[in-house]
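Residue-level structure breakdown
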Amino acid sequence: MILLCLEGEAPFGRILKKCFYYLFLLIFGLALYYLSIQIMLKFFWPALSSYQGVSDVLTGGLGNILKVVTDGIYKAYRHFFDVPVLINETLRLRRVLYSCIGVVATIEILYLIWHNKVYKSLTLILCAILIGMFPMAANSVYLMGASSVSTLMLYGTVTPTLLALALTQRFCNSAKAGKKRWVTVYYVACISVFCMNYQYFLISNEAYNRQYFTYEQTYGYMNRVAYEIQRCEGYTADMPVMLSGNVQKEIVMPEFESLNYITGIFGESDLVNGYSREEFIRRYCGLPIVKAVDSLREEVRATQEYADMPLYPSRGSVKVIKGCCVVKFSE
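Scope of this entry: the structure provided in the associated data block. (Residues numbered from 1 in each chain as written. Predicted model: local features only at pLDDT ≥ 70, side-chain atom pairs only at ≥ 80, totals over all residues. Heavy atoms only, no water.)

**Some points on the pairing of strand β1 (residues 240-244)**
Within a regular beta strand, the side chains point alternately toward one face of the sheet and then the other, so they alternate between its two faces. Buried residues dominate β1, accounting for 5 of its 5 residues. Of the pairings in the sheet, the one linking β1 to strand β2 (residues 290-291) comprises 2 bridges and is parallel in character. The partner of Pro240 across the bridge, within β2, is Val290. The sheet contact formed by β1 and strand β4 (residues 324-328) spans 4 bridges and is parallel. Residue pairing in the sheet places Val241 in a bridge with Cys325 of β4. (Buried < 20%, exposed > 50% of the residue type's maximum accessible area, 1.4 Å probe, protein only. Helix = DSSP H or I, 4+ residues; strand = E, 2+ residues; numbered from the N terminus. Pairing = 2+ DSSP bridges.)

Printed below as a string of structure tokens:
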């Protein structure tokens, strides 16, 4: 829509009609989503999941919905300008590149507004509104889970580079863009976008390396846990197993600390302390353990014998209590 406005060829009424059409589709989609959720809750699901705040926008009535959406929009704008600084602070070049892209995009927008005489119609106002909304559109993930900070896909920083490339293409096709004085703008845009995307490639490579090393360390750690379970006095193959508490920084990778704020990239003790760690032992360590049910876990925690157990990997941290093999990671 921004590009359509900057072309200056389509009449204002047609562009406005298209904007309302997209807005209607958005509202209709949200209403259909909300209605589907309510039907599923009534007939199939007992409650919504609270994972990373994905259900915040659907709970608490209309007032809460408006508050969550408003907070999400605020976060989207703030995050749009924060991410270039937050991602891997050691790479100072990222700030320069992001600034170059912003300056070039501004020059190109102003040039297209002047060259295509957009300033002579109401389309200019609509164009300004759309540009103002762009940071929110680039971070639409916040409207789905407003209480989380899920930036694994880096929406807020990848999208501007795509817009800059599209603007550069329109800019180069304009009548005066072929002159030598405008060639610099073209090269600055292309080189900045290329370098920025290369930085994203480095971040992705770092993220996958972190996940790979996390898996390898988790595999070794869980193999030791599986071995201790098997050699525990009184343990039998059909006995339920209770992994209690969380591992306290057993796996540490300080070289990947720059990725800690990005959700979705597991690291350090995420797998060891994950809700599926019993499944990890079953699938990757070859020990078909049975997870203890909640009622049995509560009974075990209420015993003095459990309270007296030391923390893993100390001797005595793996013990059979009330017919359940307990591994105590933390209090």
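Read on for the rest.
**A short note on the packing of aromatic side chains**
Throughout the structure, instances matching the rule amount to 11 aromatic pairs. Aromatic side chains Tyr221 and Tyr312 sit 5.9 Å apart centroid to centroid with 75° between the ring planes, which places their arrangement in the edge-to-face category. Of this pair, Tyr221 sits in helix α8 (residues 180-230) while Tyr312 sits in the loop between α11 (304-307) and β3 (318-321), and the two are 91 residues apart along the sequence. Using a relative accessible area of 12% as the deciding quantity, one classes Tyr312 as buried. Feature note: the residues Tyr215, Tyr219, Phe280 and Tyr284 constitute an aromatic cluster, connected by ring pairs. Directly above the ring of Tyr306 sits Lys328, whose terminal nitrogen or CZ lies 4.6 Å from the centroid. (Phe/Tyr/Trp six-rings, centres within 6.5 Å; stacked < 30°, edge-to-face > 60°. Lys NZ or Arg CZ within 6 Å of the ring centre and 35° of its normal.)

**Overview of the pattern of salt bridges**
All told, the structure shown has 4 salt bridges when counted by the stated rule. Here Glu228 ties to Arg231 by a salt bridge, and the two come within 3.4 Å at their closest N and O atoms. Judged by its relative accessible area of 54%, Arg231 falls in the exposed class. Between Arg283 and Glu279 there is a salt bridge whose closest N-O contact spans 2.7 Å. Of this pair, Arg283 and Glu279 both sit in helix α9 (residues 277-284), 4 residues apart, roughly one helical turn. Residue classification places Glu279 among the partly exposed residues on the basis of a relative accessible area of 26%. Several salt bridges share partner residues, and in doing so they unite Glu279, Arg282 and Arg283 into one network. (Salt bridge = Lys/Arg side-chain N within 4 Å of Asp/Glu carboxyl O.)

**Digging into the side chain of Thr123**
Looking at where Thr123 falls in the secondary structure, it is placed in helix α5 (residues 123-138). When near neighbours in sequence (up to four residues on either side) are disregarded, Thr123 contacts Cys5, Phe12, Ile15 and Val118. (Contact = heavy atoms within 4.5 Å.)

**Some words on the nonpolar core**
One finds Cys5, Leu6, Ile15, Leu126, Leu130 and Leu167 to be the most contacted residues of the largest nonpolar core, which totals 24 residues. At the level of elements, α1 (2-7), α2 (12-43), α4 (93-115), α5, α7 (155-173) and α8 are the ones that each hand at least two residues to this core. Per-element tally for this core: the top contributor is α4, with 6 residues. Excluding residues within four positions of it along the chain, Cys5 makes contact with Ile15, Val118, Thr123, Leu126, Cys127 and Leu130. Core analysis: the second largest hydrophobic core is formed by 22 residues, Cys232, Tyr235, Phe280 and Tyr312 among them. (Core = buried A, V, L, I, M, F, W, Y, C linked by side-chain atoms within 4.5 Å.)

**What about the sheet that holds β2?**
Spatial strand order, β2-β1-β4-β3: 4 strands in an open sheet with mixed pairing. Strands at the two margins of the open sheet, each flanked by one partner only, are β2 and β3. Note that β3 and β4 share 4 bridges and pair antiparallel. Paired with Ile321 across the bridge in β4 is Cys324. Together, β1 and β2 form the strand contacts of α9, whose direction differs from that of β1 by roughly 125°. (Axes fitted to C-alpha atoms, helices over the stretch in contact; angles between N-to-C directions.)

**Concerning unusual backbone geometry**
A cis geometry characterises the amide bond from Tyr312 onward to Pro313, with omega recorded as 15°. Mapped onto the fold, Pro313 is located in the loop between α11 and β3.

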